[in-house]
Amino acid sequence: MGNILVKPGLLNGGEDGSGLLPGKDNNRLLVVIDWIVILLAFPAVFSLVAEYGFYLTSAQTSLIQILDLGILWIFAVCGFIRILLISDKTGYLKSHWSDVLILFLISMLLFFPVNIAAIMQSFIPGLVPKAIAKISIVLTQVLLILALVPPALRYSQRLMSFNVQPAALIIMSFLLFIFLGTLFLLLPKATLNGSISVIDALFMSTSAVCVTGLVVVDTAKDLTMFGQTVIMILMQLGGLGIMTMTTFFAYMVGSGSGLKEYATLQTLLGEESLGRIRSTIFQVALFAFSFEVLGAWILFEQFDRYPFASAPDRLFFAIFHSVSAFCNAGFSLWSENLMAPVVQNDMLILSVIMVLIVLGGLGFPVIANINAIVAHRFRRRFFSMISDGPVVENVYSTDVVQKERLRERRVRLGLHSKLVLLTTGVLLVTGTLGIYLLEVHRTLEGLPVTEQVFASLFHSVSARTAGFNTLDIGHFTMPTLFFIIVLMWIGASPGSTGGGIKTSTLAVAVLNILAIVSGRNRIEIFRKQIAQVTVTKAFSTVILSIFYISCALFILLVTENLPFEQLLFEVVSAVGTVGLSTGITPALSMTGKCVIIVSMFIGRIGMLAVLGAVIRQRSYGRYSYTEENVMIT
């Protein structure tokens, strides 16, 4: 296993206590400074929430700006005192470089405002003083947020030291951000009419964090840009995993992580090796952000043909849909989703969204495995470092490739990657053919053949946890709805941004059935044998999923006066974190919305993970009872 470095946390700061004052006094003062920085978070959050969440008078706005400057001054003074007190200044600069950089930027803004204004005018000639003042205010708020990030990340790592199961930590992190998202959506500036019910705000927040896409209010017409930004941030956090995002940014700002945090991320990402977690997290975040940026850039260029009010609006549209597609969330800033006339038949735009959906739904272990193979072959081709030798499988990190003796090894797809890619390909082809054959003389009638096939392919991709639609799902026939229900229930792949029982679960279950009917007592594929514990987890996942869907559907049948097939579609869409709907979501009662909220949450976390968090883990002794057969007919 690789070395895991745990750097000092927030309150000890990594200093030895020596400096300008005697050791004990020095330590006490450093602790006081740390707590002052922590307490600064409260007025800072209050200021930001008041500025962006409420409609303020000019006098109130001026007071908020004074508060922002006051917080920055206190933060700057505390930062300089800390640097003066510590003895190992070089070590502090290396381990807390992000704090020092932010302190430098804050100092520049506070001490040299005239120079900064001159720099602005040199870059943007003709900039009026009013515009300069507005930009300065925005810079102040940005620096205020940045100043809180490193301390918040280090403090969050202290919470990992508590004796809590990894599954419980994942659940608590999702619940925390669902709660915060609900509060933000309840702010007056989040909605155009200034108000939204608590249950609707909770529903929208859960749908965004669990990357589902079911909505009870119109994201395009009922939410302001602030509200839409909240949804986008929640999608990003929920799609990559809150723990993954926190650890990545902690790594970027130079903060270490503990064993408990790595174990939690091992559960979330499905990584087998604890020593590869750090490199895997870095790859996950870098891969996700790279493709989201690339997707947003392509969409931005293509949206040039669309009637947007300004370039910033077009850019926001592009970023929102790129994040929504890669995270398999299905939220759209068009009221009709992708049925909007301007985009419904735009194959280039829809192709970009499809590619992002597939990349986000493959799972990060598969992407890392492919990345390692590409890096390996690149070195082999251009540096001639590889010679025939033993084979290394299940290598999910380029970091591993760099550290191994590559001239004696080869890298290839692991069994998990092969199963995922094969199952994904089969489902895409089967889904496309199924939707095309079932709807060719109905919803698809009248379209050119190429558009019919393309629409079938798009909905085959989207049905497996993305939730975008270019056709009205409510007009699909009963067989098509049932077919899509099956696709939604299967979902994406493990370690991805999607939900469902997962492609690998389906593959293992089918292979086990084939093994049983053929008289074999083990599963073999690609010259490998699948572990029995994997088979047990696969069938447990299938049974628990069917059981929960049945219970949730029964409750909805009691509380809602709606057709059976529409309620079944809604429940499976929620459990699979898909977001497709026949249009009944806003019409659900409060009880119905609560059932869907719980379904989205369980679908994102996983039924086994939820049960594992609430049921106490037991350790068994080193003994086993005698086996006895039970009749299964």
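Everything numeric here is computed off the predicted structure, so don't read it as measured data.

Caption draft 1: Region of interest: the overall build of the chain. If you tally the helices and strands in the chain, you get 24 helices and four strands. By residue count, 49% of the 633 residues in the chain fall in the buried class. Residue pairs at least 24 apart in sequence account for 71% of intrachain contacts in the chain once pairs closer than 6 positions are excluded. As displayed, the chain has an accessible area near 31,100 Å², and 67% of this comes from carbon and sulfur atoms.

Caption draft 2: Local environment of helix H21 (residues 532–559). In this model H21 runs 41 Å from its N-terminal to its C-terminal C-alpha over 28 residues, within 8% of the 40 Å that 1.5 Å per residue would give. When H21 is considered as a whole, its buried residues turn out to be Val535, Ala538, Val542, Leu544, Ser545, Tyr548, Ile549, Ala552, Leu553 and Leu556.

Caption draft 3: Region of interest: the environment of Arg442. Structurally, the position occupied by Arg442 is in the loop between helix H17 (415–439) and helix H18 (449–462). Sequence separation of Arg442 and Phe476 is 34 residues, and the distance between their C-alpha atoms is 7.9 Å. Of the polar contacts made by the side chain of Arg442, one reaches the backbone oxygen of Leu438; its length is 2.9 Å.

Caption draft 4: Structural detail: the packing of helix H13 (residues 311–326) against helix H14 (residues 347–362). Following both chains from N to C, one finds H13 and H14 inclined at 40°, their axes separated by 7 Å at the closest point. By the angle between their directions, the pair H13 and H14 is classed as oblique. Contact residues: H13 offers Ser322, Ala325 and Phe326, while H14 offers Ile353, Leu356, Ile357, Leu359 and Gly360. Residues that form the contact of H13 with H14 fall into these classes: six nonpolar, two polar and no charged.

Caption draft 5: Representation of the pattern of salt bridges within the structure. In this structure the tally under the stated criterion is four salt bridges. For the salt bridge of Asp304 with Arg314, the shortest nitrogen-to-oxygen distance reads 3.8 Å. Of the two residues, Asp304 is situated in the loop between helix H12 (277–302) and H13 and Arg314 in helix H13; the sequence distance between them amounts to ten residues. On the accessibility criterion, Asp304 (54% relative accessible area) is exposed. One salt bridge in this structure joins Arg522 and Glu524, with 2.6 Å as the shortest N-O distance. Given a relative accessible area of 40%, Arg522 falls into the partly exposed group. Residue Glu524 is classed as partly exposed on the basis of its relative accessible area, which comes to 41%.

Caption draft 6: Broad picture of unusual backbone geometry. The phi angle at Val211 is positive, at roughly 45°, despite the residue not being glycine. With respect to the helices and strands, the residue Val211 is situated in the loop between helix H8 (198–209) and helix H9 (225–240). Judged by its relative accessible area of 0%, Val211 falls in the buried class. Its identity is not glycine, yet Thr465 carries a phi of approximately 95°, on the positive side. Relative to the helices and strands, Thr465 resides in the loop between H18 and helix H19 (478–490). A residue is classified by how much of its surface remains accessible, and Thr465, at 0% relative accessible area, is buried.

Conventions we followed
What you see as residue numbers is a count from 1 along each chain, following the sequence as written. For this predicted model, a pLDDT threshold of at least 70 governs which residues receive local features, and a threshold of 80 or more governs which side-chain atom pairs are given and counted, while totals over whole chains, interfaces and linings are taken from all residues. Values shown for side chains rest on all heavy atoms present in the structure; no hydrogens or waters enter the calculation. Segments assigned H or I by DSSP are reported as helices when at least four residues long, segments assigned E as strands when at least two residues long, and all are numbered from the N terminus. Between buried and exposed lies partly exposed: a residue is buried under 20% and exposed over 50% of the maximum accessible area for its type, with that area taken using a 1.4 Å probe on protein chains only. Any pair of residues with heavy atoms lying within 4.5 Å of one another is described as a contacting pair. The Shrake-Rupley method, run with a 1.4 Å probe, gives the accessible areas here. Residue values count only the displayed protein chains as cover. Expected span of a helix, by definition, is 1.5 Å for each gap between consecutive residues, and there is one gap fewer than residues. Under the rule applied, a polar contact is a pair of N or O atoms within 3.5 Å (in protein, one hydrogen donor and one hydrogen acceptor; residues adjacent in sequence only if both atoms are side-chain atoms). To obtain each axis, a line is fitted to C-alpha atoms, and for helices this fit is confined to the stretch in contact; angles are then taken between N-to-C directions over 0 to 180 degrees. Any angle from 65 to 115 degrees is called roughly perpendicular, while one under 35 is roughly parallel, one over 145 is roughly antiparallel, and all others are oblique. In this classification, Asp, Glu, Lys and Arg are treated as charged, Ala, Val, Leu, Ile, Met, Phe, Trp, Tyr, Cys and Pro as nonpolar, and every other residue, Gly included, as polar. By definition, a salt bridge exists where a carboxyl oxygen of Asp or Glu is found within 4 Å of a side-chain nitrogen of Lys or Arg.

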